[in-house]
Amino acid sequence: MITSSRVWLSFCFACLFCVSSVYPQSLPVPEESAVRAVAETYFARYADKDLDALLRLWSPQSPTLEAHRKSLAELFASSTTIMLKSFVVRRVSGTGEQARVRVEASLIVIEAKTGKEKPDFGKLLRTLECVKEAGAWKIWRETSTFDELTAALAAVKSELERTSLLAKMQAEEQELMTAEMVRALGNQGDRLYEQSDYPQGLALHRLARTLAEQIGDKSGLARTLNNIGKILYAQGNYDEAHAQFQQSLTLFESLDHKTGIAIALNNLGNIHFRQGNYTRAVELYQKSLALSETLDDKAGIIRTLNNLGNVLAEQGEYAQALAHYQKTLTLLEVVGNKAGLASTEYNIGIIYYDQSNYARALEQYQKSLRMSEVIGDQEGVSYTLNGIGNIYLSQGNYTQALEYFRKGLALGEKLGDQEGMATTLDNIGFVYNAQGEYQQALGFLRKSLTLREAMGGKSGIARTLKNLGNVHYNQADYAQALAHFQKSLALREALGDVGVSGLTVTEVKGFGRQKGHTELYRGAEYVVDFL
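Summarised in this report is the structure supplied together with it. The shown structure was predicted, so the numbers you read here are calculated from the model rather than taken from an experiment.

Here we look at the overall build of the protein chain
The number of helices and strands found in the protein chain is 21 helices and six strands. A burial count over the protein chain gives 56% of its 531 residues as buried. A fraction of 62% describes how many contacts in the protein chain between residues 6 or more apart in sequence connect residues 24 or more apart. Total accessible area on the protein chain is roughly 21300 Å²; 51% of this is exposed by carbon and sulfur atoms.

Looking at the nonpolar core
Counting 106 residues, the largest nonpolar core has L153, M169, M181 and L185 as its most contacted members. Per-element tally for this core: the top contributor is helix α8 (residues 218–234), with eight residues.

A closer look at the sheet that holds strand β2 (residues 98–111)
Sheet architecture is open: four strands sit in the order β1-β2-β3-β4, paired in antiparallel fashion. Each of the sheet's edge strands pairs with one partner strand only, and the pair in question is β1 (79–95) and β4 (136–144). Here the strands of the sheet are splayed against their neighbours by 30° on average, with no regard to which way each runs. Both β1 and β2 contribute to a ladder of 14 bridges, which runs antiparallel. Note that in β2 the partner of F87 across the bridge is A105.

What about the pairing of β2?
Successive side chains on a regular strand alternate, one facing one side of the sheet and the next facing the other. Of all 14 residues that make up β2, 10 are buried, and the element is covered over most of its length. Between β1 and β2, which pair antiparallel in sequence order, lie two residues; one of them, G96, sits at a positive phi of approximately 60°.

What about the side chain of Q244?
Tracing the backbone through its elements, the reader meets Q244 in helix α9 (residues 238–254). With relative accessibility at 11%, the residue Q244 sits in the buried group.

Topic: helix α15 (residues 358–375)
It helps to recall that an α-helix has 3.6 residues per turn; residues three or four apart then point in one direction. Across its 18 residues, α15 extends 26 Å between first and last C-alpha, which sits within 8% of the 26 Å expected from 1.5 Å per residue. Of all the residues in α15, the buried ones are A361, L362, Q364, Y365, S368, L369 and S372. The buried side chains of α15 occupy one side of the element, clustering within an arc of 160° when seen end-on. Of the exposed residues in α15, those oriented more than 90 degrees away from the buried face are A359 and V374. Looking at the buried residues of α15, the elements they touch are α14 (338–354) and α16 (378–394). Positioned one or two residues after α15, G376 has a phi angle of 75°, which is positive.

Describing the packing of aromatic side chains
This structure, assessed with the given rule, holds 11 aromatic pairs. Ring centres 5.6 Å apart and planes at 25° place the aromatic pair Y392 and Y404 in the stacked group. In this pair, Y392 is assigned in helix α16 and Y404 in helix α17 (residues 398–415), connecting sequence segments 12 residues apart. You'll find Y392 and Y404 in the same group, each marked buried. Plain terms: the ring middles of Y432 and F444 are 5.6 Å apart, the flat faces sit at 15° to each other, and that makes the pair stacked. Of this pair, Y432 sits in helix α18 (residues 418–434) while F444 sits in helix α19 (residues 438–455), and the two are 12 residues apart along the sequence.

Description of helix α6 (residues 179–194)
For α6, spanning 16 residues, the distance from its first C-alpha to its last is 23 Å, which sits close to the expected 22 Å at 1.5 Å a residue. Buried residues of α6: M181, V182, A184, L185, G186, Q188, G189, D190, R191, L192 and Y193, and no others.

Here we look at the environment of K123
One can find K123 in the loop between β2 and β3 (124–133). On a C-alpha basis, the gap between K123 and K85 in space is 9.6 Å, while along the polypeptide they are 38 residues apart.

Here we look at the pairing of β3
Of all 10 residues making up β3, eight are buried, and the element is well covered by its neighbours. Looking at chain direction, β2 and β3 are connected through eight bridges and run antiparallel. Looking at the pairing, V103 lines up with R126 of β3. Pairing of β3 with β4, which is carried by eight bridges, proceeds in the antiparallel orientation. Its bridge partner lying in β4, T127 is registered against T143. Turn length for the β3-β4 hairpin, with the two strands adjacent in sequence and antiparallel, is two residues, and the turn residue A134 shows positive phi of about 50°.

Definitions and limits used
Each chain carries its own residue numbering, running from 1 in the written order of its sequence. Confidence filtering applies because this is a predicted model: local features only for residues at pLDDT of at least 70, side-chain atom pairs given and counted only at 80 or more, and all residues used for totals across whole chains, interfaces and linings. Excluding hydrogens and water, the side-chain values take into account all heavy atoms of the structure. Strands are runs of DSSP state E lasting at least 2 residues, helices are runs of H or I lasting at least 4, and numbering of each runs from the N terminus. Between buried and exposed lies partly exposed: a residue is buried under 20% and exposed over 50% of the maximum accessible area for its type, with that area taken using a 1.4 Å probe on protein chains only. Here, residues are in contact when the closest pair of their heavy atoms is within 4.5 Å. Computed with the Shrake-Rupley method and a 1.4 Å probe, the accessible areas treat only the protein chains shown as cover for residues. Buried residues of nine kinds, namely Ala, Val, Leu, Ile, Met, Phe, Trp, Tyr and Cys, make up a nonpolar core once their side-chain atoms join them within 4.5 Å. Strand pairing is defined by DSSP finding a minimum of two bridges between the two strands. Axis lines are fitted to C-alpha atoms, over the contacting stretch for helices. Their N-to-C directions set the angle, which ranges from 0 to 180 degrees. Each residue after the first adds 1.5 Å to the expected span of a helix. What the arc describes is the spread of directions from the helix axis to the C-beta atoms. Ring pairs are drawn from Phe, Tyr and Trp, using the six-membered ring of Trp, whenever the two centres fall within 6.5 Å, and their geometry is named by plane angle: stacked under 30 degrees, edge-to-face over 60, tilted for the rest.

Structure, rendered in structure tokens:
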């Protein structure tokens, strides 16, 4: 669950209403009055710190009720005073037994520990989704109004419809077209990126860029350019990603935003690493690291140390790479980042894998797997299962390899991780190819290619085309093999992809293995961190 700094607000972005209901019909006057009364009572009860009275306004069936109960209890326990400074109902709409009410509220919350006013409660734009149960209106879900609008934009699949909807929002709710809306669009784009829905994620970030440019939000624009670069990288469009990161760096430098500068330098380093420009990658990483150390930004230090370790490992400097990973582990333990610890243990396992020390590699992967399972990092579990499968594959133990690949594939399907699914489908196809089961191999590889084409990841498409060519070659179908190899080569040359063994890209805010790109014939991938 994603929570904001406002501890009492829990977010879930699935809506009861269809997209067109962003601007739905008005309710009959008696029903509108009843919905308004629920909203007014809801915010008035905050001043009373009456948890039971607040929760009675919620539907017992609400999927976010328990999380909301917990966050409210924490808020009330940590505050001496809560005062409702102002409250305005901005809009009520709905139909039948569903309604939505938007409000603007201002709260003064005094923290018990410091006696000071808590930030982020000054002006809240909230949307309450309500349902009618047994003749009474109840709250079903509470969300940020900005998140409500961006979720509607994300649900639209056509660019023309999305542009039209944004124009309608700008015309009817110009006061909401702010830096916070830019941030909300970016958050929605990141969620789509996490789901490997690159085209939709890119569309949301481009809307954020347009809005940031219109309102002169330079900081938001710099962040958005970084996010666009991140998706272009995942799609294998390295030159375009480089241009976005470079623009982001220029903007951050103009703002003297040192954290942003470190972010852009790190991400530019990732591009050069991917393209085999190791000397330049190290220069950029070291500049990013120096800035992060000056700022005492431990997250930035951790990520850049990890990436420097990756460069050293890729160059065969295993002892130095291990030293960097050990520094990373030490810092991760200090900050309590368990997902990061699992990822770094995984990277250490790859070093042993590269040296054909499969026993030590398996030991590291299993350690990483246990850590991911303990913290509930299912995506981490999925990728580590794939890594373990690669060890058995390298040892020729195809039965065990298939067992782990299928477990990883099932979990990837459950998570909706399209990139992870494509990677594992490739690996399963490779196993069947090695066993001479060519039709089976082609079936899995074609499924992978379909997923990759839908995501638009050119680097991944090139890899899968190469794998398909290998199968056709083994079938003595040399015409098909040559056609696939030529397509793969053309994509790689266009991307400037020199064949760095697969990377895993972590998203801008987190640390873990995501968006895996496994290069077959190596069977392992380093966790490369974006900031």
